[in-house]
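Coordinate inspection notes
The primary structure of each chain is shown beneath.
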Amino acid sequence: MIIGITGRVVKKDPTHLHLLTQSGLIYEVFVSLHCSAAVKSDDVRLHTTHIIREDAQLLYGFLDINEKRMFDTLIKINGVGPKVAMAICSTFTPPSFAQIVESKDVGMLKRVPGIGPKSAGRILVELGGFSLEMAGENNPASQAHNEAAMALESLGFKKEHITKTLAQCSGSDTESLIKEALKKLSK
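Now for a description of the structure that goes with this document. (Residues numbered from 1 in each chain as written. Predicted model: local features only at pLDDT ≥ 70, side-chain atom pairs only at ≥ 80, totals over all residues. Heavy atoms only, no water.)

1. So, the overall build of the protein chain
Broken down by element type, the protein chain carries ten helices and five strands. Its C-alpha atoms give the protein chain a radius of gyration of 18 Å, within 12% of the compact-globule value 16 Å for 187 residues. Its C-alpha atoms put the protein chain at 55 × 40 × 35 Å along the principal axes. Taken across its 187 residues, the protein chain has 41% of its residues classed as buried. Contacts in the protein chain between residues far apart in sequence, at least 24 positions, make up 47% of those at least 6 positions apart. Counting only carbon and sulfur atoms, one obtains 54% of the accessible surface of the protein chain, whose full area is about 10600 Å². Positive and negative charge centroids in the protein chain, built from 22 and 20 side chains respectively, lie 4 Å apart. (Helix = DSSP H or I, 4+ residues; strand = E, 2+ residues; numbered from the N terminus. Rg over C-alpha atoms; globule rule 2.2 N^0.38 Å. Buried < 20%, exposed > 50% of the residue type's maximum accessible area, 1.4 Å probe, protein only. Contact = heavy atoms within 4.5 Å. Areas by Shrake-Rupley, 256 points an atom, 1.4 Å probe, with all protein chains shown as cover. Lys, Arg positive; Asp, Glu negative; His and termini not counted. Charge placed at Lys NZ, Arg CZ, Asp CG, Glu CD.)

Following this line, the structure appears as structure tokens:
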């Protein structure tokens, strides 16, 4: 799995970059319009999401780690593929998207090409705890909170239950948050 790439930009389009790595390989990396506009120098380092399909291996690159988290969260939603997720990333910054989800603004989400009223509603319902994850803070407490939320979600708990339960927990590290939340969720 490729989680990051560093290289020299040999071709730049609004939706993708061609990066020449030190090994001599040139990778095509799909990027959002925000990311493309932010690439000013020839040398760039991107966080990536590597998607392997039957007919292709695709790299999606992000300068902002929160934009990558937003993309990764979106592609987990049924009916939202990488193209739609990248369109959302191109339309909204992570903080503005978190605000749209928090306010459940279907009208704003429908502005994204390829998203209709049904899709917008479904995305907003499934992203109930998104604003918590996208706080953008790099302090250890919020990081532990996010890691605990992802771990609990992987165990099959619903996002809305996780969000409510973690808000009641007092732990400061990931492990203690998970233990405390599991006790509350199992009641």
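2. Here's the deal with the sheet that holds strand β5 (residues 57-62)
With mixed pairing, five strands are arranged side by side around a closed barrel as β1-β2-β3-β5-β4. Going across the sheet, the axis of each strand differs from the next one's by a mean of 55°, ignoring polarity. Where strand β2 (residues 16-20) lies against strand β3 (residues 26-30), five bridges are found, and the strand directions are antiparallel. Its bridge partner being in β3, Leu 17 is matched across the sheet by Val 29. Seen against the sheet, helix α2 (residues 65-75) touches β4 (43-52) and β5 and runs at an angle of roughly 10° to β4. (Pairing = 2+ DSSP bridges. Axes fitted to C-alpha atoms, helices over the stretch in contact; angles between N-to-C directions.)

3. Brief notes about the pattern of salt bridges
According to the stated counting rule, one finds four salt bridges in the structure shown. Among the salt bridges present, the one from Lys 11 reaches Asp 13, with a minimum N-O distance of 3.7 Å. Of the charged contacts in the structure, one is a salt bridge between Lys 179 and Glu 175, with a shortest N-O distance of 3.2 Å. Residue Lys 179 and its partner Glu 175 are both found in helix α10 (residues 174-185); the two are separated by four residues, about one turn of the helix. Owing to a relative accessible area of 49%, Glu 175 belongs among the partly exposed residues under this scheme. (Salt bridge = Lys/Arg side-chain N within 4 Å of Asp/Glu carboxyl O.)

4. A closer look at the packing of aromatic side chains
Going through the model one piece at a time under the given rule, you end up with four aromatic pairs. Between the aromatic rings of Phe 62 and Phe 71, the centroid separation amounts to 5.2 Å while the plane-to-plane angle is 45°, which identifies the pairing as tilted. Residue Phe 62 is classed as buried on the basis of its relative accessible area of 0%. On the basis of relative accessibility, which here comes to 0%, the residue Phe 71 falls in the buried class. (Phe/Tyr/Trp six-rings, centres within 6.5 Å; stacked < 30°, edge-to-face > 60°.)

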